[in-house]
Amino acid sequence: MSGMERWRGRVALVTGASSGIGKEVAERLLDAGMKVVVTARRKERLQAMVDGREGLAIACDFRDTDAIEAMFAKVRQEWGGVDVLVNSAGLGRDAPLMTGATEHWREMIEVNLLALCVCTREAIGDMRERGDDGHVIHISSMAGHRVPPGSGVYSATKFAVRSLTEGLRQELRAAGSLCRVTSISPGFVETEFLEVFLEDVDEGKQAYADRGEGGALTAGDVAESVMHVLAAPASAEIHDVLMRPTRQVT
Ligand SMILES: NC(=O)c1ccc[n+]([C@@H]2O[C@H](COP(=O)([O-])OP(=O)(O)OC[C@H]3O[C@@H](n4cnc5c(N)ncnc54)[C@H](OP(=O)(O)O)[C@@H]3O)[C@@H](O)[C@H]2O)c1
């Protein structure tokens, strides 16, 4: 079977699915005939997405690692485990190294880094028992390839994702597994990201508007890239995708 056909009827789990990139990815996977677990904190949004479709909405705060493990246990109970994991949950805070709040650093490290590791371990355990041919896709960032001013800690979490991608690839090959791992690093994307970063919905929306037409990728652009790497032949592992709005300079 080629392309997305081989994933039809199999189980995907998408983190950060209540908004932005994760939401667009989850929509496309549902449309492609996958059974999709959607997770984030805002349960109503998740439920609205899966109503009447082959989806499972599980609310989970990714700062609570016990809750993440309980979520995977529930997926095993309902659907036997996952075959595809898309790690999109994440956030940036305005928290420079010289003046930032420890709590903001902790939140970014816990959600962008620690929770991603826990989800990956839990999902890989399932995948190895379900054909050993699954796929883990991390939504990283161009901030994992250079440091935007004032974003030292956010960038650190995304630089770490590069290490986690290569580290997992090595472990999978050493174990003889045919599971694949991919990191996708977008530049600016118009989502709720800046609303969280600026801690103000209107200012966040305005900041995207100020970038003008074509100044940011859409969440759909990134979701298309996720579909592309998933649909690649099983013998081809796309390791790293860097993508910017065509007009982005840095
Ligand atoms: N937008 C950009 O310019 C951009 C660029 C490069 C990379 N990225 C990366 O893309 C990923 C998705 O971000 P986005 O742009 O789509 O932003 P977004 O619209 O703000 O979505 C972030 C998602 O993460 C979830 N999340 C945040 N904190 C969480 C927590 N404690 N527990 C569980 N879920 C949590 C949010 O859900 P709840 O609030 O409902 O929990 C939401 O679904 C992130 O990893 C981000 O770093 C974004």
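Anything mentioned here points back to the structure above.
Every chain's residues receive numbers from 1 upward, in the order its sequence appears when written. Per-residue local features of the predicted model are confined to residues with pLDDT of at least 70, and side-chain atom pairs are confined, for both listing and counting, to 80 or more; whole-chain, interface and lining totals are unaffected and use all residues. Think of the side-chain values as coming from all heavy atoms in the structure, minus any hydrogens and water.

Let us now look at the nonpolar core. Soluble, globular proteins show a tendency: their nonpolar side chains are buried together. With 35 residues, the main nonpolar core has Leu29, Val38, Val86 and Ile184 as its most contacted residues. Those elements that provide at least two residues to this core are β1 (11-15), α1 (20-31), β2 (35-40), α2 (43-50), β4 (84-87), β5 (135-139), α8 (219-231) and β9 (240-243). Here a helix means four or more residues in a row that DSSP labels H or I, a strand means two or more in a row labelled E, and each is numbered from the N terminus. The leading source of residues in this core is α8, at 7 residues. Whether two residues are in contact is decided by their heavy atoms: any pair within 4.5 Å suffices. The contacts of Leu29, once residues within four sequence positions are left out, are Met4, Ala12, Val14, Met34, Val36, Val86, Met227 and Leu230. Within this scheme, the nonpolar core is defined by two criteria: the residues are buried Ala, Val, Leu, Ile, Met, Phe, Trp, Tyr or Cys, and they are joined through side-chain atoms within 4.5 Å. For every residue, the accessible area (1.4 Å probe, protein chains only) is compared with the maximum for its type, and the residue is labelled buried under 20%, exposed over 50%, or partly exposed between those bounds. By size, the runner-up hydrophobic cluster in this structure holds 32 residues, among which are Leu13, Cys60, Val82 and Met127.

As a further point, take the site of the ligand. Proximity is defined per residue: any heavy atom of the residue falling within 4 Å of a molecule or strand makes that residue near it. Around the ligand, the surrounding shell holds 30 residues, and the nearest of these are Ser19, Arg41, Arg42, Tyr154 and Thr191. In protein, a polar contact requires one atom able to donate a hydrogen and another able to accept it; more generally it is a pair of N or O atoms within 3.5 Å, and residues adjacent in sequence count only if both atoms are side-chain atoms. In this structure, an oxygen atom belonging to the ligand sits 3.2 Å away from a main-chain N or O atom of Ser88. Measuring from an oxygen atom of the ligand, one finds a backbone N or O atom of Phe193 at 3.5 Å. Expressed as a share of its isolated accessible area of 890 Å², the protein-covered part of the ligand is 96%. Listing elements by their share of the shell around the ligand, those giving two or more residues are α1 and α5 (152-174). Side-chain classes are defined by residue name, with Ala, Val, Leu, Ile, Met, Phe, Trp, Tyr, Cys and Pro counting as nonpolar, Asp, Glu, Lys and Arg as charged, and the others, Gly among them, as polar. Considering only residue class, the shell around the ligand consists of 14 nonpolar, 10 polar and 6 charged. Each accessible area is a Shrake-Rupley estimate made with a 1.4 Å probe; only the visible protein chains count as cover when residues are assessed.

A word on the pairing of strand β6 (residues 180-186). Of all 7 residues in β6, 7 are buried; the element is thus mostly enclosed. Two strands qualify as a pair provided DSSP detects at least 2 bridges between them. Direction of pairing for β5 relative to β6: parallel, over a ladder of 5 bridges. Paired with His135 across the two strands is Arg180, which belongs to β6.

Backbone-to-backbone hydrogen bonds join strands into a sheet, with any given pair of strands oriented parallel or antiparallel. Across the sheet, which stays open at both edges, the 7 strands sit in the order β3-β2-β1-β4-β5-β6-β9 with parallel pairing between neighbours. The sheet is open, and its two borders are formed by β3 (55-59) and β9, each paired with just one other strand. Averaged over all adjacent pairs, the angle separating strand axes in this sheet is 15°, with direction ignored. Bridge analysis of β2 against β3 gives 5 bridges, and the strand direction is parallel. Within β3, the position partnered with Val36 by the bridge is Gly55. To obtain each axis, a line is fitted to C-alpha atoms, and for helices this fit is confined to the stretch in contact; angles are then taken between N-to-C directions over 0 to 180 degrees. With respect to the sheet, α1 is in contact with β1, β2, β3, β4, β5 and β6, its orientation differing from that of β1 by roughly 165°. Together, β1, β4 and β5 form the strand contacts of helix α4 (residues 102-129), whose direction differs from that of β4 by roughly 175°.

The next point concerns the packing of helix α3 (residues 65-79) against α4. Interaxial distance between α3 and α4 falls to 10 Å at its minimum, and their mutual angle equals 25°. Viewed along their axes, α3 and α4 adopt a mutual orientation that is roughly parallel. Of the two possible hands of crossing, α3 and α4 adopt the one that is right-handed. Contact residues: Thr65, Ile68, Glu69, Phe72 and Arg76 in α3; Leu114, Ala115, Val118, Cys119, Arg121, Glu122, Ala123 and Asp126 in α4. Among the residues making up the contact of α3 with α4, the classes are represented as 7 nonpolar, 1 polar and 5 charged. Here roughly perpendicular refers to angles of 65 to 115 degrees, roughly parallel to angles under 35, roughly antiparallel to angles over 145, and oblique to all remaining angles. Left-handed describes a crossing whose near helix is turned anticlockwise from the far helix by less than a right angle; the clockwise case is right-handed.

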